[in-house]
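The residues making up each chain are set out below.
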Amino acid sequence: MSLPGFPSKGGDRRERCLSEPLGEGLWVRTRIPLTPTRQAGIVLFVTFLTIYLITLASNGLIIAVVRTDSRLHSPMYYFLCNLSFLDIAFLSTNVTTCLNGFLYRPNIVPYSACVAQMYIGLTLGITQCILLAVMAWDRYVAICKPLNYHSIVNKAVCIRLSVATILIGLLLSMVQVFPTDTVPFWGHNKIDHFICELAPVLHLACVDIRLQQLVILVVSVGVIIGPVLLITFSYLPIFSTIMRTKASCRLKAFSTYGSHLTVVILFYGGIIVMNMFPKSIISTEDQKIFTLLYGLVTPVLNPLIYTLRNKEVKGAMKKLISIRGTWQGSKS
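Residue numbering note: each chain is counted from 1, following its sequence as written. Two thresholds apply to this predicted model, a pLDDT of at least 70 for residue-level local features and 80 or more for giving and counting side-chain atom pairs, whereas whole-chain, interface and lining totals are computed over all residues. Remark: hydrogens and water are excluded; side-chain values derive from all non-hydrogen atoms of the structure.

Caption draft 1: Region of interest: the overall build of the chain. A run of H or I in DSSP counts as a helix once it spans at least four residues, and a run of E counts as a strand once it spans at least two, with each numbered from the N terminus. Counting secondary structure elements, the chain contains 11 helices and 3 strands. Walking the chain from its N terminus toward its C terminus, one meets helices and strands in the order α-β-α-α-β-α-α-α-β-α-α-α-α-α. Burial classification: accessible surface area is computed with a 1.4 Å probe over protein chains only, and a residue below 20% of its type maximum counts as buried, one above 50% as exposed, and the rest as partly exposed. Burial statistics for the chain: of 332 residues in total, 44% are counted as buried. We call two residues in contact whenever any of their non-hydrogen atoms come within 4.5 Å of each other. Taking all contacts inside the chain whose residues are at least 6 apart in sequence as the whole, residues at least 24 apart take part in 79%. Only the protein chains shown count as cover for residues, with accessible areas throughout obtained via the Shrake-Rupley method and a probe of 1.4 Å. Carbon and sulfur atoms make up 69% of the accessible area of the chain, which totals about 16,800 Å².

Caption draft 2: Focus on helix 3 (residues 75-103). Any helix carries an expected span of 1.5 Å times its number of residues minus one. Compared with an ideal rise of 1.5 Å per residue, which puts 29 residues at 42 Å, helix 3 spans 43 Å between its outermost C-alpha atoms and is within 8% of the ideal. Across the chain, bend at a residue is computed as the angle between axes fitted to the seven residues ending at that point and the seven starting from it. The largest bend along helix 3 reaches roughly 35° and is located at V95. Of all 29 residues that make up helix 3, 21 are buried, and the element is covered over most of its length.

Caption draft 3: Highlighting a nonpolar patch on the surface. For patch building, the residue pool is restricted to those with more than 30% relative accessible area and no salt bridge; the joining distance is 9 Å between like charges and 5 Å between nonpolar side chains (Val, Leu, Ile, Met, Phe, Trp, Tyr). Within this document, salt bridges are pairs made up of a side-chain nitrogen of Lys or Arg and a carboxyl oxygen of Asp or Glu, the two lying within 4 Å of each other. A grouping of Y78, I159, V163, I166, L167 and L170 is seen on the molecular surface, where their side chains present a nonpolar patch of about 490 Å² in accessible area. The greatest single-element share of the nonpolar patch, amounting to 5 residues, is contributed by helix 6 (residues 155-181). Here Y78 shows up in helix 3. The exposure class assigned to Y78 is partly exposed, which follows from its relative accessible area of 30%.

Caption draft 4: Highlighting the side chain of S173. Examined against the element boundaries, S173 turns out to sit in helix 6. Residue classification places S173 among the buried residues on the basis of a relative accessible area of 0%. Within the local environment of S173, its side chain forms a polar contact with the backbone oxygen of G169, the two atoms lying 2.6 Å apart. Pairs of N or O atoms are called polar contacts if they sit within 3.5 Å, as long as, within protein, a hydrogen donor faces a hydrogen acceptor (for residues adjacent in sequence, only side-chain-to-side-chain pairs).

Caption draft 5: Spotlight on the packing of helix 3 against helix 4 (residues 111-144). Running from amino to carboxyl end, helix 3 crosses helix 4 at an angle of 155°, the nearest separation of the two axes being 10 Å. As far as their axial angle goes, helix 4 and helix 3 are roughly antiparallel. The handedness of the crossing between helix 3 and helix 4 is left-handed. Three classes are used: nonpolar for Ala, Val, Leu, Ile, Met, Phe, Trp, Tyr, Cys and Pro, charged for Asp, Glu, Lys and Arg, and polar for all others, with Gly counted as polar. Partitioned by chemical class, the residues of the contact of helix 3 with helix 4 number 14 nonpolar, 9 polar and 3 charged. For helices, the fitted axis covers only the stretch in contact; all axes are lines through C-alpha atoms, and the angles between them, taken along N-to-C directions, range from 0 to 180 degrees. What sets the label is the angle itself: under 35 degrees gives roughly parallel, over 145 gives roughly antiparallel, 65 to 115 gives roughly perpendicular, and the rest give oblique. The crossing is said to be left-handed when, going from far helix to near helix, the turn is anticlockwise and less than a right angle, and right-handed when the turn is clockwise.

Caption draft 6: Just the environment of I108, in detail. Locating I108 in the fold gives a position in strand 2 (residues 107-110). With relative accessibility at 42%, the residue I108 sits in the partly exposed group. Separated by 82 residues in the primary sequence, I108 and K190 have C-alpha atoms spaced 8.9 Å apart.

Caption draft 7: The arrangement of a positive patch on the surface in detail. The grouping of K252, K311, K314 and K318 at the surface amounts to a positive patch. When residues of the positive patch are assigned to their parent elements, the largest contribution, 3 residues, is made by helix 11 (residues 311-331). Among the structural elements, K252 can be located in helix 9 (residues 247-276). Positive charge is attributed to Lys and Arg, negative charge to Asp and Glu, and no charge count is given to His or to the chain ends. Charge coordinates come from a single atom per side chain, which is NZ of Lys, CZ of Arg, CG of Asp or CD of Glu.

Caption draft 8: Representation of the side chain of S162 within the structure. Along the polypeptide, S162 turns up in helix 6. In this structure S162 comes out as buried when scored by relative accessible area, which is 9%. In this view, S162 contacts Y78, F79 and N82; residues no more than four positions away in its chain are not counted.

Caption draft 9: The arrangement of the packing of helix 3 against helix 6 in detail. Orientation of helix 3 relative to helix 6, taken along the N-to-C sense of each, is 20°, at an axis distance of 10 Å. One finds that helix 3 runs roughly parallel with respect to helix 6. For the pair helix 3 and helix 6, the sense of crossing is right-handed. For the pair helix 3 and helix 6, contact is made by P75, Y78, F79 and N82 and by C158, I159, L161 and S162, respectively.

Caption draft 10: Structural detail: the pattern of salt bridges. Taken as a whole and judged by the stated rule, the model has 2 salt bridges. In this structure, R71 engages D69 in a salt bridge whose closest nitrogen and oxygen atoms are separated by 2.9 Å.

Caption draft 11: Structural detail: the confidence of the model for the chain. pLDDT expresses how confident the predictor is about each individual residue, on a scale running from 0 to 100. Residues with a pLDDT of 70 or more make up 77% of the chain, whose mean pLDDT is 77. The secondary-structure element of the chain with the lowest mean pLDDT is helix 1 (residues 13-19), recorded at 51, while helix 5 (residues 149-152) shows the highest, at 91. Ignoring residues within four places in sequence, the model shows residues 5-11, a span with pLDDT below 50, making 21 contacts including any to other chains. Counted against residues more than four places away or in other chains, residues 18-25, with its pLDDT under 50, gives 6 contacts.

Caption draft 12: Layout of the nonpolar core. Take the buried residues of types Ala, Val, Leu, Ile, Met, Phe, Trp, Tyr and Cys, join any two whose side-chain atoms come within 4.5 Å, and each joined set is a nonpolar core. Membership of the largest hydrophobic core comes to 49 residues, with the highest contact counts inside it found for L132, M135, I231 and Y306. Breaking this core down by element, the ones donating at least two residues are helix 2 (38-68), helix 3, helix 4, helix 8 (210-242), helix 9, helix 10 (284-308) and helix 11. Among the elements that make up this core, the one with the highest residue count is helix 4 (12 residues). Y111, V183, L198 and L204 belong to the second-largest nonpolar core, a separate cluster that totals 17 residues.

Right under this line is the structure:
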């Protein structure tokens, strides 16, 4: 019996390991099934590169605006800066493998680079899971306890929460990746995925991997369920408070927080499908689609949903652009 999101153990793992032993080193070949022709690969390369550059520019702009405008030096925008940085780092970690796969066949990745990609990607992903929960709690305090907001969510608390999310991400990623790095692999080193992820890489193992699967599943459930519960119990009082406001304010608030929840659902939905659904329900191709959903779509949506629709951020952007224009004019 296999665990959700992982291949079955298979009775021929040990035989395969003996019949096709590894050489001096392991190289992983990722497969990009969306590129039947080189022309299609070039089109996808340009598309993904454009999305990546848009994500890089929009999130980078948010970080620059928040850091340069003193009016935005508040806990909410501090956490949004952290989210923008995570989006840039997470997409940058994985996009190079995809872009390379669109142009070259086969897309060969050294195993050490594959492990590094898994560890960094997991660290950033887990950190973002926890950060989204922290941001929901921040909004709960701001909406439901406005008089005590600045005493509860002060600068020291923000820094401690940020450091804690990163440390938890580093530790839990190590717990998941280290067992994978210690198992022997057999000669057929091709994974059916865009990027290096734990489940398809573990499929290359030629020993019983049920213990590793169990560890990964337990960590994944904890990382997903904990933040989801905190987000749920934060937003329920928020919506309850909004319902007691004026109709004009209510519509605007529901639009804002409804958009926030949409991004959260897309992000967590993709992760839940990837880690908690058995392969008998979700095929490998479906898993790739959900990987793109939380790995590519949400980093693009986050700047638009969280900040670029915000009047304060728009005003700060106009101010930054005008200052830059004035500086360039005086220089010329």
